[in-house]
Amino acid sequence: MIRTRTTALAVLPALALTLSACGGGGDPAADYPTKRIDYVLPFDPGGESDITARLQQEPLEEALGQSVSISYQPGAGGALGWSELTRSRPDGYTVMGCNIPHIILQPMLRDDAGYETEQIKPVYFFQSTPNALLVSADSEMETVDDFVAAAKEDPGGLSVGGSGDFSANHIGTLQFADAAGIEVSYTPFDGTGAAVPALLGGHVDALMSYTPQIDQLGDQVKALAVASEERMDGLDVPTFTEQGIDMADGAYRGVCVQEDTPQEIVDSLAETFASVNEDPDLVEDFREQAFVLENYGPQESVELIESRTAEYEELLGSLGMLDE
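Since this is a predicted model, take the numbers as computed values, not measurements.

Cut-offs applied
- Residues numbered from 1 in each chain as written.
- Predicted model: local features only at pLDDT ≥ 70, side-chain atom pairs only at ≥ 80, totals over all residues.
- Heavy atoms only, no water.
- Helix = DSSP H or I, 4+ residues; strand = E, 2+ residues; numbered from the N terminus.
- Rg over C-alpha atoms; globule rule 2.2 N^0.38 Å.
- Buried < 20%, exposed > 50% of the residue type's maximum accessible area, 1.4 Å probe, protein only.
- Areas by Shrake-Rupley, 256 points an atom, 1.4 Å probe, with all protein chains shown as cover.
- Lys, Arg positive; Asp, Glu negative; His and termini not counted.
- Charge placed at Lys NZ, Arg CZ, Asp CG, Glu CD.
- Disulfide = S-S within 2.5 Å.
- Expected span 1.5 Å × (residues − 1).
- Arc of directions from axis to C-beta.

(A) Structural view of the overall build of the protein chain. Tallying secondary structure elements over the protein chain gives 11 helices and 10 strands in all. Relative to the 2.2 N^0.38 estimate, which gives 20 Å for 324 residues, the radius of gyration of the protein chain is 20 Å and therefore close to what a compact globule would have. Within the protein chain, buried positions represent 54% of all 324 residues. Here the protein chain displays about 13900 Å² of accessible surface, and carbon together with sulfur accounts for 46% of that area. Measuring between centres, the 15 positive side-chain charges of the protein chain sit 6 Å from its 56 negative side-chain charges.

(B) Summary view of the environment of Leu133. Turning to its location among the elements, Leu133 is positioned in strand S4 (residues 120-136). For Leu133, a relative accessible area of 0% gives the class buried. On a C-alpha basis, the gap between Leu133 and Gly162 in space is 9.8 Å, while along the polypeptide they are 29 residues apart.

(C) Region of interest: the state of the cysteines. Under the definition given, this model contains one disulfide. Residue pairing for Cys98: its cysteine sulfur links by disulfide to Cys256, the two sulfurs lying 2.1 Å apart. Handedness of the Cys98-Cys256 disulfide follows from its S-S torsion of about 65 degrees: it is right-handed. One end of the pair, Cys98, is in strand S3 (residues 94-100); the other, Cys256, is in strand S9 (residues 250-258), and 158 residues separate them in sequence. When sorted by exposure, Cys98 lands in the same class as Cys256, which is buried.

(D) Looking closely at helix H9 (residues 263-276). With 14 residues, H9 should reach 20 Å at 1.5 Å per residue; the first-to-last C-alpha distance of 20 Å fits that figure. Along H9, the residues that are buried comprise Ile265, Val266, Leu269, Ala270, Thr272, Phe273 and Val276. Down the axis of H9, the buried set is contained in an arc of 160 degrees. They therefore lie on one face.

None of this, on its own, says anything about what the molecule does.
Next comes the structure, spelled out in structure tokens:
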């Protein structure tokens, strides 16, 4: 399903950059890093990727011995940033937050996402969050059954916001609608940080968001269901499955680099993110904010992407969303 894109012309500049990064043939990882790391997020501030990066920033700087600058490049549900990543220098000094399923679904479902999944080299996936269906605190809906009943009374009339097109929130909304036999409209935003004000301002009827928003938004919202296999510790919210909807999915978050980045640098970065994932303060912050700690190194990340790609191809095929 993923299209071949390699051309001779495309290889030459990347090779030149790789040689430059290697200092003309030396060990590229020997002195890495020697300057600031730019940690770029392809979403607006305030979402789960931003929260995670801010928690990682100080332990990363301690482990790397260099400053870490966090910046944002939102647009097209992350596709703008990932497209720019493919044109960045393959030297390990630009790392970008990357999300599954976004980096799988966008190239799979868009005619031109601006990048292909294999152009993004995974370094480490460090956390995940199940989807969560939220409504505003003053909504009359209390359960998934209430939502389904309202949707059946007004087919296509209920709007569900989420983070981006072809994201975990988007596919979760499609899964929910298919399983419940309802029709709703999905409204994409440039990240969770942009989606939340739309719910609180009454511009959408619900959000398909992520579990950390349940605690962060507190009594401003009601969480109707979480898309996890079992109830999550610390969250008094039923699962979709408990309420008759067979659905468990969400987003994995990690960091990626340009595809021609030397493996030694990728491995060095992966070891650093692995060590940060063992920081007791970060582990506790993840638990309190309903992030699920994950540890996928470079090869395990590739295998995760491959396995999830196969699952999404099957799901999207069943929903009639793939070309024959």
